[in-house]
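# Working through the structure, step by step
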Amino acid sequence: MVWKGKKKGVFSSWKECKEQVTGFEGAEYKAFADKNEAELAIKKSYNDYKGKDTKKPKISLAEKEKYGTPILKSLSVDAACSGNPGILEYRGVLTDTKKQVFIQGPFPKGTNNIGEFLALVHGLALLKQKKMENLPIYSDSRIAMSWVKKKQCRTNIIFTEENKDLFMLIKRAEKWLQDNSFTNPILKWETKVWGEIPADFGRK
């Protein structure tokens, strides 16, 4: 929304907002999480919001109580991919200390969902090897969690000579799931309430 610009008001896109503030000296504007927040803000002063993160949606007390707090004695996994497909990495860290336990990549021609899936299976295999089969694993990807449950990486990415190593990892992960059982709880990391997962690469 724009407090001071060529035209004041709440706009539905950055393109519209940009037209009002580009070349306007002393322009005052902010992005908000939703339209309701913006409409409340326009009745107030720009200084009330200056320096504040207004793009993050507000969390109600009821939501915080619903999700509680994460289990700190756990493993958190995440992936980062520059493009779709693009250069892929994935890793696992201890949730409480953010100490890195494993990292893999970079792999060319991958996707974020593939990385999230491989990170979960890597974490499960590592914990089984270390006889830590009760330690929870957090992921912020429902897709990856469903793929693990189905024991199959349901990607539609095309196999190429360039990403053959990644496909070998996928096949190995699927075979591990078919040949092994596990008791580690796989839990959804609630980003909206808790912020970014500790294994996040910080590249957003």
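For the structure itself, look to the data block above.
If you're wondering where the values come from, they're calculated on a predicted model, not measured in any experiment.

About the criteria used
- Residues numbered from 1 in each chain as written.
- Predicted model: local features only at pLDDT ≥ 70, side-chain atom pairs only at ≥ 80, totals over all residues.
- Heavy atoms only, no water.
- Helix = DSSP H or I, 4+ residues; strand = E, 2+ residues; numbered from the N terminus.
- Expected span 1.5 Å × (residues − 1).
- Buried < 20%, exposed > 50% of the residue type's maximum accessible area, 1.4 Å probe, protein only.
- Core = buried A, V, L, I, M, F, W, Y, C linked by side-chain atoms within 4.5 Å.
- Contact = heavy atoms within 4.5 Å.
- Phe/Tyr/Trp six-rings, centres within 6.5 Å; stacked < 30°, edge-to-face > 60°.
- Axes fitted to C-alpha atoms, helices over the stretch in contact; angles between N-to-C directions.
- Parallel < 35°, antiparallel > 145°, perpendicular 65-115°, else oblique.
- Left-handed = near helix turned anticlockwise from the far one by under 90°.
- Nonpolar A, V, L, I, M, F, W, Y, C, P; charged D, E, K, R; others polar.
- Salt bridge = Lys/Arg side-chain N within 4 Å of Asp/Glu carboxyl O.

This part covers helix H4 (residues 112-129). Its 18 residues place the ends of H4 26 Å apart at the C-alpha level, agreeing with the 26 Å of an ideal helix rising 1.5 Å per residue. The set of residues buried in H4 consists of Ile114, Gly115, Glu116, Phe117, Leu118, Ala119, Leu120, Val121, Gly123, Leu124, Leu126 and Leu127. Count one or two residues on from H4 and you reach Lys131, which has phi positive near 55°.

Another aspect to go through is the nonpolar core. Counting residues in each nonpolar core, the largest one holds 31 residues, and the members touching the most others are Tyr90, Ile114, Phe117 and Leu118. Taken together, the elements giving at least two residues each to this core come down to strand E3 (75-83), strand E4 (86-94), strand E5 (100-110), H4, helix H5 (142-150) and helix H6 (164-179). Top element by residues in this core is H4. It accounts for nine residues. What Ile114 contacts, discounting residues up to four positions off in sequence, is Leu88, Trp147, Cys153, Thr155, Ile157, Leu166 and Ile170. If you look at the next biggest cluster of nonpolar residues, it comprises seven residues, including Met1, Trp3, Ala38 and Tyr46.

Moving on, we come to the packing of aromatic side chains. On inspection of all chains with the given rule, the structure shows six aromatic pairs. Ring centres 5.4 Å apart and planes at 65° place the aromatic pair Trp3 and Tyr46 in the edge-to-face group. With Trp3 in strand E1 (residues 2-4) and Tyr46 in the loop between helix H2 (35-41) and helix H3 (61-67), the pair connects residues that are 43 residues apart, well separated along the chain. Ring centres of Trp189 and Trp194 lie 5.0 Å apart, and the angle between their planes is 70°; on these two criteria the pair is classed as edge-to-face.

This paragraph deals with the packing of H4 against H5. Orientation of H4 relative to H5, taken along the N-to-C sense of each, is 55°, at an axis distance of 8 Å. In terms of orientation, H4 lies oblique with respect to H5. The two elements H4 and H5 cross, and the hand of that crossing is right-handed. Residues Asn113, Ile114, Glu116, Phe117, Leu120, Val121 and Leu124 of H4 form the contact with H5, whose participating residues are Ile143, Ala144, Met145, Trp147 and Val148. Looking at the contact of H4 with H5 residue by residue, the classes come out as 10 nonpolar, one polar and one charged.

If you walk through the whole model with that rule in mind, you get five salt bridges. Note that Lys171 is salt-bridged to Glu174, the shortest N-O span being 3.8 Å. Taken as a pair, Lys171 and Glu174 lie in helix H6 at a separation of three residues, close to a single helical turn. Residue classification places Lys171 among the exposed positions, given a relative accessible area of 54%. For Glu174, a relative accessible area of 10% puts it in the buried group. Linking Lys175 and Asp179 is a salt bridge whose minimum nitrogen-to-oxygen distance equals 2.5 Å. Taken together, the positions of Lys175 and Asp179, both in helix H6 and four residues apart, correspond to about one turn of that helix.

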